[in-house]
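Below are the chains, spelled out letter by letter.
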Amino acid sequence: MSASISSLRGFAGRRPWVATTVLLALPATWFVVFYLAALVSLFVSAFWQVDSLTGDIVHVWTLDNFRLLLSEPTYRHVALRTVFLAASVTLTDAVLAWPFALFMVRHAGTRTRTALMAAVTVPLWCSYLARVYAWRLILSHDGALNWALHVLHLPDQKIAYTNWAIWLVFSYLWLPFMILPVAAALERISPTLLEASADLGASEFTTLRRVLLPLAVPGLVAGSIFTFSLTLGDFITPMLVGGAGSDFIGNVVYASVGVANNVPFAAAFAVLPLLVMAAYLLLARRLGAFEAL
Amino acid sequence: MHCRGKLKMHKKEEVRLVGRAAPPDPRLSFACTQIRTAAIVILLASTAAGAQEMTAIGPGEGALNVVAWEGYMQDDWAKPFEQQTGCKLHHKYAGSSDEMVALMRQGGGGLYDLVSASGDASLRLIFGRNVAPINISLIPAWKDFVPDLQSPSFNTVKGVHFGVSYEWGPNVLLWNTDKIKPPPDSWAAIYNQANAGQITVPDNAIQIADAALYLSKAKPDLGITDPFELTQSQMDAVVALLQQQKALLKKYWSLASDAVDLFRNGDAAIGAAWPYMTNTLRDAGAHVAETIPREGATGWADSWMLSAHAQHPNCAYMWINFVTTPHVQAQQALSFGETPANTKACADMDKLAAGSCAKYHADAPADYFKRISFWKTPVRQCGNGESTCLDYSAWQQAWQLVKG
């Protein structure tokens, strides 16, 4: 065994391209077959149609799917709702994560810091579905939140099964994905820069605004890639906590595949978040987010 | 033009082959589609003649994969079945007929062996060649079925059985008796501003028929005679009503358990539901009541259908035989709140719950049968000879547009 490995090593050592090929073959195959091929077949099938009687895919090139998407205001509303909520969730998480990460990295002692880090990551160990259902129980008419409001003699909240509920649950779900990269970015800022800022007479607030915040932007943008793309592609949370008129792009895609068996139309609609994310990633790269990952 | 000439000939042939049950699908824009449809029908007939159906039930394969309505695979009868036959059950609950059709077509059709298809899914499965003929002589309970359900047009084509009838029942108006007073007796209640914010209806394109049924009585000048046969102008009126309703809704429910949660947690107080939810909610101590409103109701008649690519056909036949026995028929009927196909189930129903046979009209179904507009797949043919009605893909699109 070890002899064969060392002989292989010797062989590869003499021919470096062999080692490179062996190393890269598996990930490259994986990337081409499962990633690129899937994307290409998605894109290609967006130009086909389905025979409504037999459910077979008709391989005739047509732009009908895209025409329907663009001409029907409902699909525009669905797309705008999805992008708007994804942006709102991202903004909310950025606002919440920034002070939290700052305190965790810059001000908390070692033990507090460990405890906070655990508090951020522990929910990730729990099933996504369990957490969404928990929110459903909290927000429902006879749920925990209304019970608490009732005890405090406050009026009932009515956000269960609305877009507000979707926003709240998404903001909760993806918050750790914003906190972690922001904390990492803040941690990387050298203390000497802060000392220099203080030596030059800047107040704490000025240092925060002109040194810490700009240097943490790549972390914020990196986190926003997670919060934005995770919200953009989700369909379970809108299905479980959304109300009437809460469909996301993912819900229409899910219904087109799982209910109407219309894969081509689903593929056409799925191209949209792909384009949105591509534009977003290009922007993120310009803001230096990839160095913060 | 070449295609059109042929089309007429094939159309005639098709009608002769399968009669009323097999309307061609003329939705697709390109001209030759109907020829293909006709070809499928001919192919279908030849498949049936080729008698691929089973001649005897062999030993079980040890497993059975089932797509069913929620509540159709309860432990009360699923566990005894597994013990008796050694067929391990794996089930997937579907929330709509569309989902059932999609599941039976996924992955080339070999993923599931059986499906409990309603009348609006069964023909799509038959013409999609997704289901196999069933040898009815291997189903001893069949001779005890209600005559209307032995060879109904939605599961039997040209004398070939593609499904075995199971149970049938109405979609009911369900409400919370503490919050909704006096008891409603019209579907108007789920379109009424007074109930805003506490209404729920199924997330299902066939729900359009419920609104159409209501409009057929509330606005007779629209001329709706069959809630599954709607012209464009009738559909526009129905969609307008549904869009008004959307503003009053708490949620479109997609799984039966969703609807139960909504009522149990006080989020919804009235809605369109199945008797299954009434029973489940009452078991949980909720104060609910149900009715078939004075406009009548839509309903379902379900059949067990065998996948054309079933991996476990012997277990599938064993399951059909097991669940069509009077005892399981009665258990299923009471658990879901529906009516069994097997007339012998009446005694078992009364044994399980006194008076239940009469309650579910299992003893005299003919009159009750007429109050229900059974789910069927909308097609272009209106039933009055005209071809101006909207087909199901138009319904699905209209539904997505209503939901927004």
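See the structure shown above.
Residues numbered from 1 in each chain as written. Chains lettered and ligands numbered in written order. Predicted model: local features only at pLDDT ≥ 70, side-chain atom pairs only at ≥ 80, totals over all residues. Heavy atoms only, no water.

**Things to note about the overall build of chain A**
When you go through chain A residue by residue, the secondary structure sums to 14 helices and two strands. Here chain A has a C-alpha radius of gyration of 25 Å; the compact-globule value for 293 residues is 19 Å, and the former is much larger. Its C-alpha atoms give chain A principal-axis dimensions of about 80 × 75 × 40 Å. Counting the 293 residues in chain A, one finds 41% classified as buried. Looking at chain A alone, contacts between residues at least 24 apart form 69% of all its contacts between residues at least 6 apart. (Helix = DSSP H or I, 4+ residues; strand = E, 2+ residues; numbered from the N terminus. Rg over C-alpha atoms; globule rule 2.2 N^0.38 Å. Buried < 20%, exposed > 50% of the residue type's maximum accessible area, 1.4 Å probe, protein only. Contact = heavy atoms within 4.5 Å.)

**Section: a nonpolar patch on the surface**
Residues and elements named next belong to chain A. On the surface, Trp30, Phe31, Val32, Val33, Phe34, Tyr35, Leu36, Leu39 and Leu274 cluster together into a nonpolar patch covering about 870 Å² of accessible area. Take the nonpolar patch: its biggest share by element is eight residues, from helix α2 (residues 16–45). Take Leu274: it is sitting in helix α13 (residues 263–286). (Patch = residues over 30% accessible without salt bridge, like charges linked within 9 Å, V, L, I, M, F, W, Y side chains within 5 Å. Areas by Shrake-Rupley, 256 points an atom, 1.4 Å probe, with all protein chains shown as cover. Salt bridge = Lys/Arg side-chain N within 4 Å of Asp/Glu carboxyl O.)

**Re the pattern of salt bridges**
Here the structure, examined in full by the defined rule, presents 14 salt bridges over all chains. Asp258 of chain B serves as the salt-bridge partner of Arg136 of chain A, at 3.2 Å between the closest nitrogen and oxygen. Residue Arg136 of chain A is found in helix α6 (residues 128–139), and its partner Asp258 of chain B is found in helix α8 (residues 256–264); the two belong to separate chains. Comparing Arg136 of chain A with Asp258 of chain B, the two get one shared label, buried. One salt bridge in this structure joins Asp185 of chain B and Arg294 of chain B, with 3.1 Å as the shortest N-O distance. Placement of the pair is Asp185 of chain B in the loop between β8 (172–176) and β9 (199–202) and Arg294 of chain B in the loop between β12 (288–291) and β13 (297–307), with a sequence separation of 109 residues. Since its relative accessible area comes to 43%, Asp185 of chain B is described here as partly exposed. The structure contains a network of salt bridges with shared partners spanning Arg136 of chain A together with Asp258, Asp261 and Arg264 of chain B.

**Considerations on the environment of Val60 of chain A**
Residue and element names in this part refer to chain A. Positionally, Val60 belongs in the loop between β2 (57–58) and α3 (64–71). Among the residues examined, Val60 registers a relative accessible area of 45% and is labelled partly exposed. In this structure Val60 touches Phe47 and Trp48, once residues within four positions along its chain are discounted.

**Notes on α6 of chain A**
For an α-helix, 3.6 residues make a turn, and residues three or four places apart therefore share a direction. A rise of 1.5 Å per residue sets the reference length of α6 of chain A, with its twelve residues, at 16 Å; its end C-alpha atoms lie 17 Å apart and thus fit the reference within 8%. Structurally, the start of α6 of chain A carries an N-cap: the backbone nitrogen of Leu129 of chain A is 3.1 Å from a side-chain oxygen of Ser127 of chain A. (Expected span 1.5 Å × (residues − 1). Polar contact = N/O pair within 3.5 Å; in protein donor to acceptor, adjacent residues only side chain to side chain.)

**What to know about the sheet that holds β8 of chain B**
Residues and elements named next belong to chain B. Taken together, the five strands give an open sheet; going across it, the order is β10-β9-β11-β8-β12, and neighbouring strands pair in mixed fashion. Because the sheet does not close on itself, it has two edges, and the strands there are β10 (249–253) and β12. With direction set aside, neighbouring strand axes in the sheet form an average angle of 20°. Bridge count for β8 against strand β11 (residues 270–273) is four bridges, and the pairing is antiparallel. Bridging from a neighbouring strand, Leu173 pairs with Ala272 of β11. (Pairing = 2+ DSSP bridges. Axes fitted to C-alpha atoms, helices over the stretch in contact; angles between N-to-C directions.)

**Topic: the packing of aromatic side chains**
All names here are of chain B. Throughout the structure, instances matching the rule amount to 34 aromatic pairs over all chains. Centroid distance Tyr276 to Phe336: 5.1 Å. Interplanar angle 15°. Geometry classified as stacked. Linking Tyr276 in helix α9 (residues 275–283) with Phe336 in helix α11 (residues 326–336), this pair joins segments that are 60 residues apart in sequence. On the basis of relative accessible area, Tyr276 is assigned to the buried category, the value being 11%. (Phe/Tyr/Trp six-rings, centres within 6.5 Å; stacked < 30°, edge-to-face > 60°.)

**What about the pairing of β9 of chain B?**
Residues and elements named next belong to chain B. Neither face of β9 is open: one carries Ile199 and Val201, the other Thr200 and Pro202, and all of them are buried. Bridge count between β9 and β10: four bridges; the pairing is parallel. Following the sheet pairing, Pro202 is matched in β10 by Trp253. Note that β9 and β11 share two bridges and pair parallel. If you follow Thr200 over to β11, its bridge partner there is Gly271.

**Examining the packing of α3 of chain A against α13 of chain A**
Residues and elements named next belong to chain A. Direction vectors running N to C along α3 and α13 enclose 55°, while the axes themselves pass 9 Å from each other. In terms of axis orientation, α3 runs oblique to α13. With respect to the hand of their crossing, α3 and α13 are arranged in right-handed fashion. On the side of α3, the interface is formed by Asn65, Phe66, Leu68 and Leu69, while α13 contributes Pro264, Phe265, Ala268 and Phe269. Tallied by class, the residues present in the contact of α3 with α13 amount to seven nonpolar, one polar and no charged. (Parallel < 35°, antiparallel > 145°, perpendicular 65-115°, else oblique. Left-handed = near helix turned anticlockwise from the far one by under 90°. Nonpolar A, V, L, I, M, F, W, Y, C, P; charged D, E, K, R; others polar.)

**Considerations on the interface of chain B and chain A**
Counting residues at the interface gives 39 residues for chain B, matched by 36 residues for chain A. Summed over both sides, the interface between chain B and chain A buries roughly 3000 Å², with carbon and sulfur atoms accounting for 50% of that surface. Our count for the chain B to chain A interface comes out at three salt bridges. The salt bridge involving Asp247 of chain A is made with Lys403 of chain B; its shortest N-O contact spans 3.1 Å. Residue assignment for the side of chain B that touches chain A shows that the elements contributing at least two residues are α2 (33–49), α4 (97–105), α5 (119–127), β10, α8 and α15 (392–403) of chain B. (Buried area = accessible area lost by both parts, 1.4 Å probe.)

**A few points about the environment of Ser393 of chain B**
Residue and element names in this part refer to chain B. Structurally, Ser393 is set in helix α15. As a C-alpha pair, Ser393 and Pro183 span 210 residues in sequence and 36 Å in three-dimensional space. Engagement of the side chain of Ser393 in a polar contact is seen with the side chain of Asp391, the distance being 3.2 Å.

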